[in-house]
Amino acid sequence: MTTERSGADILVQALTDLGVEVVFGYPGGAVLPIYDAIFKQAKIRHILVRQEGGAAHAAEGYARSTGKPGVVLVTSGPGATNVVTGLADALMDSIPLVVITGQVPTQLIGTDAFQEADTVGITRHCTKHNYLVKDPASLGAIVHEAFHIATSGRPGPVVIDLPKDVQIAAATYRKPEGPLQHKTYRPQVKAEAAAIEAAVEMLAAAERPILYTGGGIINAGPYASTLLRELQALTGAPVTSTLMGLGAFPASDDAWLGMLGMHGTYEANMAMNKADLILCLGARFDDRVTGRLDAFSPESRKIHVDIDRSSINKNVRVDLPVVADVGSALADMLAVWKARGHEKADLGEWWRRIEGWRARQSLAFPASDHEIMPQKAIQRIWEMTKDKDPIVTTEVGQHQMWAAQHFHFQDPNRWLTSGGLGTMGYGLPAAIGAQVGNPDRLVIGLSGDASVLMNIQEMSTAAQYRLPIKIFILNNMYMGMVRQWQELIYASRYSESYSEALPDFVKLAESFGWTGLRIEQPGDLDGGIEAMLSAPGPVMVDCRVAQLANCFPMIPSGAAHTDMILHAEEVVGEATDEAKALV
Amino acid sequence: MHIKEQAAERHTLSIVVDNEAGILARIAGMFTARGYNIASLTVADITEDHGVSRITIVTYGVPEMIDQIIAQLDRLVPVHRVTDLSDLGPHIEREMALVKVAGTGDHRIEALRLAEVYRARVVDSTIASFVFEVTGNPEKIDKFCELMREVGLVEVARTGVAAMARGREAA
């Protein structure tokens, strides 16, 4: 006979049974019983953030870098509403999170009680699923189910809203035995054999194939990245990736074309445009990737492997849908390819064309001897740290795109960025989460001067736990990407995009107990990066970069892949209304 | 620049869901969030233990949008299954309406006569009004209401569509 215990104890026991090691959170009135239960145990480590939004992004960084679900614990009302951005971010980028929110006692729900918010209502459409727990007897099963839903199928965030009286009331808890069988939720992991066979035949027959990979490969686990490399080696096909998929295929490989899409390489976008077969693996034909839809890869047949059926045929009609976990589908495709004795096709002509596009050197940027080019700064950080196999986080904007272009990844789970939602303020807390999950690794946060301020309070969290994250700010004193769009589309009317009244980042760092460094001259760049890497504990670098540098190449919104702008000189001053209406 | 509208077709979807708290908000909210239309929505539980509900939604959209709607519904955790009855072929749609008509003299006689033609039942009457109960497919109810407008229509309450595939199999 199991003894009864409080809802708070059931929660902590269930989390322990699920192997949770770290919880990112912030206490408050409606979660005091849970915090008391945490106080009385030693297995789960609690990381105290400085604002709940920071907890959500830290949990995302933890999840993305370790492959484990991120767990968040916050109070009711503002605690819950502050995590909403992180939930939306995790939903878009398929990051497994379990977020526990306190709620006012059951009998006060609906009375506009102190710190009451309709958390399940507010989070319904920015979570994969959510729960309001009304009985401690059901809590244990719900926690286990929540982890199952968050981590299986297409991963995503799950919220458990837990009223305070349910945390106090007693019930029994038993750890579920065996794998969870949900009555309605059964994601399709294994592809239909006929679809795999058709995919292999299409791939074998292709003259101009391309592998278009995405975050799904990262989510499927490191084995999927290994299988991707194997499939590439068997087929000889070029590989490109979305922002979220960087690292699944090694950037040092000759078959790597770089990222595709709006700020992708010329060769990746041209190869997509001219291919006769696109094998999409765990990507979702997002508008940042496709550009103008009616001009997207007009000559290709398209295979789309995705675990989420709703991603297939959403933006682009494909010839062969394959609903499956991308790792499982890759394993099946490899088996069929080998069983049928397919040989690597002669792709010589295709590769000659790709080399021609490559020769345009679309990532080249102008050199400067009097100011630091932001691309150069990223390039040097990469060159000086690649042997340390760092984990890199970014905020959102120009620096993010430059990082995607000039920081090259060899393996998955090293690159943490907010792709779908594009959340400024993600990078600093994500670096904290990544460092918590990987205490011995080098974690670098590439930032912009505007983005870094959005969750700057989390510097205090890094200080408290002495997390040696290195935040490198490309400071151009602008919201650079906004300024770039205003330059290209609004005839350089820089409406509200200047970073007025920036703090002294060095003094700011020092005030938090961090090391603060400033780099101003090109000649000081290497020394500054060296100093950042050798300083113990957290470091913030204020790197003053060329203020008006733009991120190229670029496919303007609504343009085709073939209409890429490679250099600043090709830019017109004012766009049409149709172009202005696009995101 | 002007906003363009696309031609849409009508589809009737049957959605069998686990009868958990918030399920209707989850389904209806998904339609709003993704910009889909709900022309009619009905819901009631259909099992002995009240654990499962059947939702019937009539929606309009281009074929690609209908496919997306079904895929989006299908991936909601509490959804057992989604069936596009319009895609399945012949199916039955029924709706019930209460129609209040007020008037005297010829209008009153004409209202009764038309009600008989449409097999509508009188479920309430005063010296100067009737409430009719009429059942049928949505077009029949549209037509009945249109006729009643001529003879003193006061108000209409409609249930929305309940639908089912023909034949012996469950959809």
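Just so you know, these numbers come straight off a predicted model, no measurement behind them.

## Observations regarding the pairing of strand β12 (residues 277-281) of chain A
Residue and element names in this part refer to chain A.
Next, step 1: Most of β12 is tucked away, with five of its five residues classed as buried.
Next, step 2: Here five bridges tie strand β9 (residues 209-213) to β12, and the two strands are oriented parallel to one another. For P209, the partnering residue across the bridge sits in β12 and is L277.
Next, step 3: As paired strands, β12 and strand β13 (residues 301-306) are joined by five bridges and run parallel to one another.

## Structural notes on unusual backbone geometry
Residues and elements named next belong to chain A.
Next, step 1: Cis geometry marks the peptide bond from F552 to P553; its omega dihedral reads -5 degrees.
Next, step 2: Positionally, P553 belongs in the loop between β20 (539-544) and α23 (577-580).
Next, step 3: In this structure, D112 is a non-glycine residue whose phi angle is positive, near 55 degrees.
Next, step 4: Mapped onto the fold, D112 is located in the loop between β5 (97-103) and α6 (119-123).
Next, step 5: By the C-beta count within 10 Å, which is 8 here, D112 ends up exposed.
Next, step 6: Positive phi, normally seen in glycine, also occurs at Q361, with a value near 50 degrees.
Next, step 7: By the element assignment, Q361 lies in the loop between α15 (348-358) and α16 (374-385).
Next, step 8: A tally of 12 C-beta atoms within 10 Å means that Q361 is categorised as exposed.

## What about the sheet that holds strand β2 (residues 40-45) of chain B?
All names here are of chain B.
Next, step 1: Overall, antiparallel pairing links the four strands, which are arranged β2-β3-β1-β4 in an open sheet. If you trace the sheet from one side to the other, it starts and ends with β2 and β4 (79-84), each paired once. Neighbour-to-neighbour, the strand axes of this sheet turn through a mean angle of 15 degrees, independent of strand direction.
Next, step 2: Its contacts with the sheet put helix α1 (residues 23-33) on β1 (9-18), β2 and β3 (52-61), and the angle it makes with β1 is roughly 150 degrees.
Next, step 3: Lying on the sheet, helix α2 (residues 63-74) is in contact with β1, β3 and β4; it crosses β4 at an angle near 160 degrees.

## Points about the packing of helix α1 (residues 7-17) of chain A against helix α7 (residues 136-151) of chain A
All names here are of chain A.
Next, step 1: Taken N-terminus to C-terminus, the directions of α1 and α7 make an angle of 20 degrees; their axes are 9 Å apart at the nearest point. Relative to α7, the element α1 lies roughly parallel. Helix-helix and strand crossings are classified by hand; for α1 and α7 the assignment is right-handed. Contacts from G7, I10, L11, A14 and L15 of α1 reach α7 at P136, L139, G140, V143 and H144.
Next, step 2: Taken together, the residues of the contact of α1 with α7 sort by class into seven nonpolar, three polar and no charged.

## Some points on the domain arrangement of chain B
Residues and elements named next belong to chain B.
Next, step 1: Partitioning chain B into domains gives domain 1 (9-88) and domain 2 (92-164).
Next, step 2: Taking only C-alpha atoms into account, the centre of domain 1 sits 29 Å from that of domain 2.
Next, step 3: On the domain 2 side, the residues contacting the eight residues of domain 1 number six residues.
Next, step 4: Those elements that provide at least two residues to the side of domain 1 that touches domain 2 are β1, β2 and β3.
Next, step 5: The element best represented in the side of domain 1 that touches domain 2 is β2, accounting for three residues.

## Observations concerning the UniProt feature "domain: Thiamine pyrophosphate enzyme TPP-binding" (unreviewed entry) in chain A
Next, step 1: The positions UniProt marks with the feature "domain: Thiamine pyrophosphate enzyme TPP-binding" (unreviewed entry) are residues 396-543 of chain A.
Next, step 2: Annotated as residues 396-543 of chain A, this span is 36% helix and 16% strand, and its ends, taken at the C-alpha atoms, are 17 Å apart.

## So, the sheet that holds strand β14 (residues 320-323) of chain A
Residue and element names in this part refer to chain A.
Next, step 1: Read from one edge of the open sheet, six strands run β11-β10-β9-β12-β13-β14, paired in parallel fashion. The open sheet has two free edges, formed respectively by β11 (256-259) and β14, since each of these has just one partner strand. With strand direction ignored, the average angle separating the axes of adjacent strands in the sheet is 15 degrees.
Next, step 2: Examined bridge by bridge, strand β10 (residues 239-241) and β11 share two bridges and lie parallel to one another. Bridge assignment links S241 to a residue of β11, and that residue is M259.

## Some words on the UniProt feature "domain: ACT" (unreviewed entry) in chain B
Next, step 1: The positions UniProt marks with the feature "domain: ACT" (unreviewed entry) are residues 12-87 of chain B.
Next, step 2: Annotated as residues 12-87 of chain B, this span is 34% helix and 38% strand, and its ends, taken at the C-alpha atoms, are 9 Å apart.

## What to know about the interface of chain B and chain A
Next, step 1: At the junction of the two partners, chain B supplies 19 residues and chain A supplies 18 residues.
Next, step 2: Only α1, α2 and β4 of chain B provide two or more residues apiece to the side of chain B that touches chain A.
Next, step 3: No other element matches the six residues that α2(B) contributes to the side of chain B that touches chain A.
Next, step 4: Of the residues belonging to the side of chain B that touches chain A, the class tally is eight nonpolar, five polar and six charged.

## Describing the UniProt feature "domain: Thiamine pyrophosphate enzyme central" (unreviewed entry) in chain A
Next, step 1: The positions that UniProt labels "domain: Thiamine pyrophosphate enzyme central" (unreviewed entry) are, in the present scheme, residues 196-331 of chain A.
Next, step 2: Helix and strand shares over residues 196-331 of chain A are 35% and 20% respectively, and the end C-alpha atoms of the span are 10 Å apart.

## Some details on the domain arrangement of chain A
Residues and elements named next belong to chain A.
Next, step 1: Examined at the domain level, chain A breaks down into domain 1 (5-171), domain 2 (193-358) and domain 3 (374-551).
Next, step 2: Placing the centre of domain 1 and that of domain 3 at their C-alpha centroids yields a distance of 29 Å.
Next, step 3: Each partner contributes to the interface: domain 1 provides 25 residues, whereas domain 3 provides 27 residues.
Next, step 4: Elements with a minimum of two residues in the side of domain 1 that touches domain 3: β2 (22-25), β3 (45-48), α3 (52-66) and α5 (84-93).
Next, step 5: Per-element tally for the side of domain 1 that touches domain 3: the top contributor is α3, with eleven residues.
Next, step 6: Across the side of domain 1 that touches domain 3, the residue classes tally to ten nonpolar, ten polar and five charged.

## Re the environment of G245(A)
All names here are of chain A.
Next, step 1: Mapped onto the elements, G245 comes out in the loop between β10 and β11.
Next, step 2: For G245, a count of 29 C-beta atoms within 10 Å puts it in the buried group.
Next, step 3: Filtering out sequence-adjacent residues up to four positions away, G245 remains in contact with T213, G214, G215, I217, I218, G282 and A283.

## Observations concerning helix α9 (residues 193-205) of chain A
Residues and elements named next belong to chain A.
Next, step 1: The terminal C-alpha atoms of α9, which comprises 13 residues, lie 18 Å apart, in line with the 18 Å expected from a rise of 1.5 Å per residue.
Next, step 2: All of the buried residues along α9 are I196, A199, V200 and L203. For α9, the angular spread of the buried residues around the axis is 100 degrees, confining them to a single face.
Next, step 3: Buried positions along α9 lie against β9, α11 (222-235), β12, β13, β14 and α14 (326-339).

## Let's talk about the packing of α16(A) against helix α17 (residues 398-406) of chain A
All names here are of chain A.
Next, step 1: Packing of α16 against α17 brings their axes to within 9 Å, and their N-to-C directions diverge by 50 degrees. Accordingly, the angle class assigned to the pair α16 and α17 is oblique. Handedness of the crossing formed by α16 with α17: right-handed. Listed contacts from α17 to P374, Q375, I378, Q379 and W382 of α16 are H399, W402, A403 and H406.

Parameters and conventions
- Residues numbered from 1 in each chain as written.
- Chains lettered and ligands numbered in written order.
- Predicted model: local features only at pLDDT ≥ 70, side-chain atom pairs only at ≥ 80, totals over all residues.
- Buried ≥ 20, exposed ≤ 12 C-beta atoms within 10 Å, placed from the backbone.
- Helix = DSSP H or I, 4+ residues; strand = E, 2+ residues; numbered from the N terminus.
- Pairing = 2+ DSSP bridges.
- Axes fitted to C-alpha atoms, helices over the stretch in contact; angles between N-to-C directions.
- Contact = placed C-beta atoms within 7 Å.
- Parallel < 35°, antiparallel > 145°, perpendicular 65-115°, else oblique.
- Left-handed = near helix turned anticlockwise from the far one by under 90°.
- Nonpolar A, V, L, I, M, F, W, Y, C, P; charged D, E, K, R; others polar.
- Domains from an automatic or database assignment.
- UniProt positions renumbered as here; feature names shortened; annotations may be inferred.
- Expected span 1.5 Å × (residues − 1).
- Arc of directions from axis to C-beta.

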